[in-house]
Amino acid sequence: MPPLERAGELFIISAPSGVGKSTLIAELLPVCPRLRFSVSSTTRAPRPGEIDAKDYHFLSVEDFVQGINSGRFLEWARVHGHFYGTDRHIVEGWLDKGQDVLLDIDVQGTKLVRCAHPGARTIFVLPPSMEVLEKRLRGRATEGPEQLAIRIAAASREILEAPWYDYLVVNDNLAEAVEDLKAIVRACRLDRTVSAPALKSLFMSLIDPALTPRS
Ligand code: ADP
Ligand code: 5GP
């Protein structure tokens, strides 16, 4: 990367299953065109309507384990009884090119990514109440009774991790929650530590115009 170009920003969204992460992300991406979404790999079966390589890379357990052993994943975790992981090569390639990247990963994965990328901005999405969360999860009607029980039990454990995140967004009114996410992305891009390269370039031109990098 040329010295004055910035690396991309890494955004992580976590929430208990059913809060509305996928819905929010689907609304956010078209209004944040410079944000790339990292499609995870998983060993869970596709839900009706889910498309391979768009919603997830749907892998067999054997292929996933091979991915773990070959260092394919930036992070991986067992969530609700299935494996999920983030492709290191894709995410780090985008970041190196200065592109901002969004991950939808669970609380365990977030801790691992933070070790490798301490500057990652973490966002936890909360339900307005536990009753609403359960209603949304049941209303989605994509999980059988066993998965439903696993996900509802996991929700309270996951919410206890929310205070460790940088930003909290309540997904009550969908449009407002999307606006909140948009505001977070925008504010992070304006952060002094992120926009410093632009400032540095201006400073250099003030000190000695000959030092101004040519584009
Ligand atoms: P997650 O990706 O977090 O598991 P989904 O995006 O699949 O959750 O959303 C779960 C269900 O809740 C879906 O049926 C979705 O349409 C619904 N939903 C999401 N956000 C809202 C909202 N703000 N108000 C009402 N229903 C919502
Ligand atoms: P779902 O099966 O409902 O799509 O996702 C279940 C959970 O897995 C969600 O909490 C989601 O954020 C998480 N998840 C999705 N992809 C990844 C991933 O690549 N890594 C980790 N650690 N969690 C993931």
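About the cut-offs
- Residues numbered from 1 in each chain as written.
- Chains lettered and ligands numbered in written order.
- Predicted model: local features only at pLDDT ≥ 70, side-chain atom pairs only at ≥ 80, totals over all residues.
- Heavy atoms only, no water.
- Helix = DSSP H or I, 4+ residues; strand = E, 2+ residues; numbered from the N terminus.
- Buried < 20%, exposed > 50% of the residue type's maximum accessible area, 1.4 Å probe, protein only.
- Contact = heavy atoms within 4.5 Å.
- Areas by Shrake-Rupley, 256 points an atom, 1.4 Å probe, with all protein chains shown as cover.
- Lys, Arg positive; Asp, Glu negative; His and termini not counted.
- Charge placed at Lys NZ, Arg CZ, Asp CG, Glu CD.
- Pairing = 2+ DSSP bridges.
- Axes fitted to C-alpha atoms, helices over the stretch in contact; angles between N-to-C directions.
- Phe/Tyr/Trp six-rings, centres within 6.5 Å; stacked < 30°, edge-to-face > 60°.
- Lys NZ or Arg CZ within 6 Å of the ring centre and 35° of its normal.
- Near = heavy atom within 4 Å.
- Polar contact = N/O pair within 3.5 Å; in protein donor to acceptor, adjacent residues only side chain to side chain.
- 1 Å grid on protein atoms, 1.4 Å probe; cavity = no way out; pocket = protein on both sides within 12 Å on 5 of 7 lines; lining within 4 Å.
- Sits in = over half its atoms within 2 Å of the grid points.

Visitor: Please set out the overall build of the protein chain residue by residue, giving values where relevant.
Guide: Summing up its helical and strand segments, the protein chain has eight helices and nine strands in all. A total of 215 residues make up the protein chain; the buried ones form 41% of that total. Pairs at least 24 apart in sequence give 68% of the contacts found in the protein chain among residues at least 6 apart. Carbon together with sulfur atoms contributes 58% to the accessible area of the protein chain, which is approximately 12000 Å² in total. Averaging the positions of the 26 positive and the 28 negative side-chain charges in the protein chain gives two centres separated by 3 Å.

Visitor: Now, about the environment of Asp104: what can you tell me, with residues and values included?
Guide: By the secondary structure assignment, Asp104 is in strand E7 (residues 100-104). Sequence separation of Asp104 and Ala15 is 89 residues, and the distance between their C-alpha atoms is 8.7 Å.

Visitor: Lay out unusual backbone geometry in plain terms, naming residues and giving numbers.
Guide: Positive phi outside glycine occurs at His80, with the angle close to 50 degrees. Position of His80 relative to the elements: it lies in the loop between strand E5 (73-79) and strand E6 (82-87). A positive phi is found at Ala141, a non-glycine position, where the angle reads about 55 degrees.

Visitor: How would you sum up the sheet that holds strand E9 (residues 167-170)? Please name residues and give values.
Guide: Strand pairs in the sheet, formed through backbone hydrogen bonds, run parallel or antiparallel to each other. Strand order in the open sheet formed by five strands is E2-E7-E1-E8-E9, with parallel pairing between adjacent strands. Because the sheet does not close on itself, it has two edges, and the strands there are strand E2 (35-37) and E9. Looking at each pair of strands side by side, their axes are set apart by 25 degrees on average, direction ignored. Strand contacts of helix H1 (residues 21-31): strand E1 (10-14), E2, E7 and strand E8 (121-126), with the helix running at about 160 degrees to E7, the strand carrying the most contacts.

Visitor: Which residues make up the packing of aromatic side chains, and what values do they have?
Guide: Counted by the stated rule, this structure contains six aromatic pairs. Judged by centre distance (5.2 Å) and plane angle (15 degrees), the ring pair of Phe64 and Phe83 falls under stacked. Of the two residues, Phe64 sits in helix H2 (residues 61-69) while Phe83 sits in strand E6, which places them 19 residues apart along the sequence. Comparing Phe64 with Phe83, the two get one shared label, buried. Against the face of Phe83 rests Arg78, its NZ or CZ located 5.1 Å from the ring centre.

Visitor: Go over the pairing of E7, please, and point to the residues and values.
Guide: Burial within E7 is extensive, with five of its five residues counted as buried. Neither face of E7 is open: one carries Asp100, Leu102 and Asp104, the other Val101 and Leu103, and all of them are buried. One ladder, built from four bridges, connects E1 with E7; its direction is parallel. Note that in E7 the partner of Ile12 across the bridge is Leu103. In this structure, E2 lies alongside E7, joined through three bridges in parallel fashion. By the bridge assignment, Phe37 is partnered in E7 with Leu102.

Visitor: Describe the side chain of Arg189, and please don't skip the residues or the numbers.
Guide: Of note, Arg189 is situated in helix H7 (residues 174-190). For Arg189, a relative accessible area of 17% puts it in the buried group. Excluding anything up to four places from it in sequence, Arg189 contacts Arg34, Leu35, Asp100, Val194 and Ser195.

Visitor: Help me get a handle on the site of ligand 1, residues and values and all.
Guide: Close contacts around ligand 1 come from 13 residues, with Gly18, Lys21, Ser22, Thr23 and Arg140 the closest. Between ligand 1 and Gly18, the relevant distance is 2.8 Å, taken from an oxygen atom to a main-chain nitrogen or oxygen of the residue. The separation between an oxygen atom of ligand 1 and a polar main-chain atom of Gly20 is 2.9 Å. Burial of ligand 1 by the surrounding chains reaches 73%, relative to a free accessible area of 570 Å². With respect to the pocket detection grid, ligand 1 is positioned in the largest pocket. Every element with two or more residues in the shell around ligand 1 is listed here: H1 and helix H5 (130-140). The element best represented in the shell around ligand 1 is H1, accounting for three residues.

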